[in-house]
Every structure is written in structure tokens, then in C-alpha cells.
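Structure assessment
The lines below spell out each chain.
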Amino acid sequence: ASELSKRGVEVTVFEMGRGPGGRSATRLQQDGRLFDHGAPFFAVSETETANGSEETASRMSKEFEHIVEDWVKDGVVALWQARHGTFKNGGFCPQEGNKVYCGVGGMHMLGRHLSSREGITFVPSCRVSKVDLLKEAHEGGEKEGTNPGGAKWKLWRWPFHLHRPPPANSASASAQPTSASIDQTKMESNGLKEALTAGHENLDSVLEDLGTFDGLLIADRLPLMTGTPGSLDVSEGGPLLLLLQRTFGNVLDALPAFTLAVSFPRALQEVPFDRASVSVSFTTGQDRANIPESSTDEAGKRDCSSPASSALLSLLVRDSSKPGHQTEDGSEIWVIHSSRQFAAEALAKTPLQKDGKYQPPSAEATAKASETLLSAFLDYLSPFFGHKRDTIPCSQVLSLQRWGGAFPQRPHRSAFPCSSKYGEVKTGEQLLFARIGEELNKSMKRSDGFLSGDPDQCGRVVVCGDFLLEASVEGAAVSGRRAAARLAGLVQN
């Protein structure tokens, strides 16, 4: 949205959450303290990344360097001078970490800054339910593709105050069917038309009109999936969105993570790091008998092996050491990131959603997960307190956040159907999808970072997000910037 506004395009952002930023989330306590319980920081990648060739990675990192430079000049992010280390091979090893940045006053400030640019209208807590590619253009009333003005987009949402049907003994229940008699289960599982009762042949009479727009940019993976709280009805959204949703369905994978925020009454000066990652090869408790108690080698490596901590945690962050996060009372907040394995096992027992609807965790499940992660964290701290956990200052759990889609996984580079996958193409729809799919597969192989099609066939629509490059702030920013350039070209031409 920020890049589009720079290019002279007026933008309306419909955000399903309460504010911008998504996983770059910050929580503000009632006492005024704050902490980042989503992405803790970000870095400009080196030349080697997991998403492709060295040339591709270098091109992306150079793009992101320029973006970060602008953010630093604007005063919205700053370099975090953090002491870094890694827990591996049975101990803690101080390291020279790469430069990392964080939002000044919280990671959420980055989203706020970008969405407040002139020319952007930001609409929070608004889930778009349906998008229509209009069959006739606004100017002249001709069919789409034949008018230089191009086909426009109509956006809709369900009136959420009508989610629940009226009681059986209410006056409206015995009268003619109303929009309040929508079946909630079907509606939330994206069965939009099927959810309407008799007497609602016109879908537009039930949906709330959000407006008509020249172009559409989708910057999230949830609308492209089915059976999720963010699923989008694209039945009249043109062939590109239909193909994407049919291809992704409910298998656009993401790896989960939990974050636990913990407060201490004083700064933990005994701990020699501000952020520490945990290697998957970290020594387990079974190996601990072979390591001398409280040993330190010449390189400064400290014995921190622990039976409880292995395979439970992935990252430890002294949040109060970040720019703008210092507390007035001298207390200190740490944010502990679970391993993906721990989060996956916990969510298998208490899923994030059921029948397409968000399912909050029980108090018992929250307490159990918090206790497990806190105990593992204290095991990591124990060696710096002489292996005496009772000498660690008393901690207080502030919050537990479950991120079901913390690390979206990039679709396969040949994920989309093409002529070879369809075999003998028999129908016009299959031929159209095969042609679009072939172009999308080329885009994935090039690591474009966005998906788009021929506007005469698909409308002026672009899909982007970190799931198309890599699960990071860098991936999201570069993807969004490239997608904005593409959409601006379509709209302005």
C-alpha cells in the first residue's frame, strides 16, 4: 500500500485484524510496558538463502537494503545492538551476529508508519468476504477486456451482526425469511450461497457493499485457502483467483510457533546475551552426564545442556534491550519462542480452528503450555546462576501467543496446473487454466515474489506475500514492493 501511494495510486486497505502489521505484532501492557510477541526483529539476508540461487538472493537483499535505509531515515526502525549467541553442542557460544533491526517502540510501529502514508485509507477489523470481477466496465458499459478503462472489482463483506439466526420464538422467525436466518456453520466454511435460506436469491441483498475499485491486491495467504476464518469467495473473481484457490485449497502449509512473554523484577545482568538461538543439535539430557558440571571452555562456551530445554525452544529474546522498550521501574521482559515441533504438537491437541472458525485455547491448555515453556527457559538460564534455579529472580508470565501460521511455506515451483498436468485438455476452462498455470509456474521459478496474469483475462489483480518468497519481514517487504509496481502499471495504463 505504501509503495502504491508513492506511485500516485489512491489505496484502501481492508485489514482483518485490529491494526496493521500482522505477525509484526506488539502487545502493550496496562502498566505501559510493551513487548514484541510476533516477529522479534529482522535482518537483511546474506547472499545465500533457502529460496533460490545466490543471484536471486543477492537481488532480493539489495532491494531490501534500500527499503530498510528509508525506514531508518524515517525513524521507524533502528539497529538493535544486541549481544548474540547460540546454544549448541552442549553449551552457549557467543557469536558475532549479523546486523538486525527492530521497530522503534515496537515492531507494530512499522505497519502503522506504512499505513499512515498520504493517499492510504486504512480500514481495520474488516474481513472482505467476496470479490467480484465485474463483467462490464464502468465506462461505456462494454464487456471486460474490450474497454480501455478495463473491468473493475466489487468488494463485499458479510454483515457480522447478522451471524446468528434469531431465536425460534422471535417475531422475525415466523415472518418471511430475513438475512438474519443465515446458517452460521455453512457461512463460516465459505459456503456462501448455500448458507442463504429460501427467499434470498439475490446475494447482493445480504452482503455489505465495500465499494468498487480499479485494481485488487491480495497480500495474505488466508483468502486463497478454503475453510479458514479468512477464506474469500472468489466464485465470480475471475480465472486467476479461482485457479489459485483451487490449487492451494487447504494445503498452503505454514509452520507454527508459540511465544511466551515473561517479566522479571530486575535486569538479568548475569545472562551474557540479548538474543540467543537454539541449534537443533543442542545437547539433550542424556548427554549431560558426559559434561562436567558448570564447565566453561577457553572460547567462553558455557555448559547449558538440559533435559527439559532440548527441542522445546528456538529463540530467546531480551525484549527490554530493544530501542524504545526500556522500562521505567527497572523490570525486564523476555520473549521466548517455542520450537516448531512443540507448537505443532500442542496445536494437534488444541487446534486453532474448528469447522472454519477460530477456537480459543482452554485455560488449562494455556497454563500447561506456559508452564512447559517457562520451565525450559529457566533451564537455559540456570547455568548463568550457578545451576541454582532458586537464585533466578521470580518470573511472571505476561502472555502466551499461538501463531498457527508463523512461517508460511513457499509453494512448489511447479504447483500450478499446466498442459502436462491436465493431460488432454478438453474444455475451454481447462485450456485457460493451463495457460495461466504455465505463466504462474514461470513466475515461481523466477522468484518474482508475486502472482499475476493477463489483465484482459484475469482482471487487474496481483497476489503477494512472504509465502511467495521466504517467511520473513524481508520476504514480505520485497514481495509487496514488486507487487505494487506491477499493479500500479496495470492501473495507470
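Note: the structure precedes this text.
**Structural notes on helix α3 (residues 108–115)**
Within α3, the full set of buried residues consists of His108, Leu110, Gly111 and Ser115. Angularly, the buried residues of α3 cover 155° about the axis, an arc narrow enough to put them on a single face.

**Here's the deal with the side chain of aspartate 274**
With respect to the element layout, aspartate 274 can be found in the loop between β15 (254–264) and β16 (275–278). Given the relative accessible area of 7%, aspartate 274 is considered buried. Excluding residues within four positions of it along the chain, aspartate 274 makes contact with Trp80, Gln81, Ala82, Arg83, Leu316, Val317, Arg318 and Ser321.

**Concerning the packing of helix α6 (residues 238–248) against helix α10 (residues 428–446)**
Packing of α6 against α10 leaves a shortest axis separation of 10 Å and a crossing angle of 80°. By the angle class used here, α6 and α10 are roughly perpendicular. Seen from α6, the contacting residues are Pro239, Leu240, Leu242, Leu243, Leu244 and Arg246; seen from α10, they are Glu429, Leu432, Phe433, Ile436, Gly437 and Leu440.

**Looking at the nonpolar core**
Core analysis: the largest hydrophobic core is formed by 32 residues, its most contacted members being Phe87, Phe258, Phe264, Phe273, Leu313, Phe377 and Leu381. Breaking this core down by element, the ones donating at least two residues are β15, β16, β18 (313–318), β19 (332–338), α7 (340–349) and α8 (363–381). In terms of residue count, α8 provides more of this core than any other element does, eight residues in total.

**Overview of the packing of aromatic side chains**
One pass over the full model with this rule turns up 18 aromatic pairs. Aromatic pair phenylalanine 42 and tryptophan 71: ring centres 5.8 Å apart, planes at 90°, arrangement edge-to-face. Residue phenylalanine 42 is located in strand β4 (residues 42–43), and its partner tryptophan 71 is located in helix α2 (residues 54–73); the two are separated by 29 residues in the primary sequence. By the burial criterion, phenylalanine 42 is buried, and tryptophan 71 matches it. Judged by centre distance (4.7 Å) and plane angle (75°), the rings of phenylalanine 87 and tyrosine 380 are edge-to-face. Here the residue phenylalanine 87 occupies a position in strand β6 (residues 84–88), and tyrosine 380 occupies one in helix α8, the gap between them amounting to 293 residues. For phenylalanine 87, a relative accessible area of 0% puts it in the buried group. An aromatic cluster of three or more residues is present, and its members are Phe87, Phe92, Phe264, Phe273, Trp334, Phe377, Tyr380 and Phe384. Above the plane of the ring of tryptophan 80 lies lysine 322, whose end atom (NZ or CZ) is 5.5 Å from the centre. Cation over ring: arginine 340 sits above phenylalanine 407, and NZ or CZ is 4.0 Å from the ring centre.

Parameters and conventions
Residues numbered from 1 in each chain as written. Predicted model: local features only at pLDDT ≥ 70, side-chain atom pairs only at ≥ 80, totals over all residues. Heavy atoms only, no water. Buried < 20%, exposed > 50% of the residue type's maximum accessible area, 1.4 Å probe, protein only. Helix = DSSP H or I, 4+ residues; strand = E, 2+ residues; numbered from the N terminus. Arc of directions from axis to C-beta. Contact = heavy atoms within 4.5 Å. Axes fitted to C-alpha atoms, helices over the stretch in contact; angles between N-to-C directions. Parallel < 35°, antiparallel > 145°, perpendicular 65-115°, else oblique. Core = buried A, V, L, I, M, F, W, Y, C linked by side-chain atoms within 4.5 Å. Phe/Tyr/Trp six-rings, centres within 6.5 Å; stacked < 30°, edge-to-face > 60°. Lys NZ or Arg CZ within 6 Å of the ring centre and 35° of its normal.

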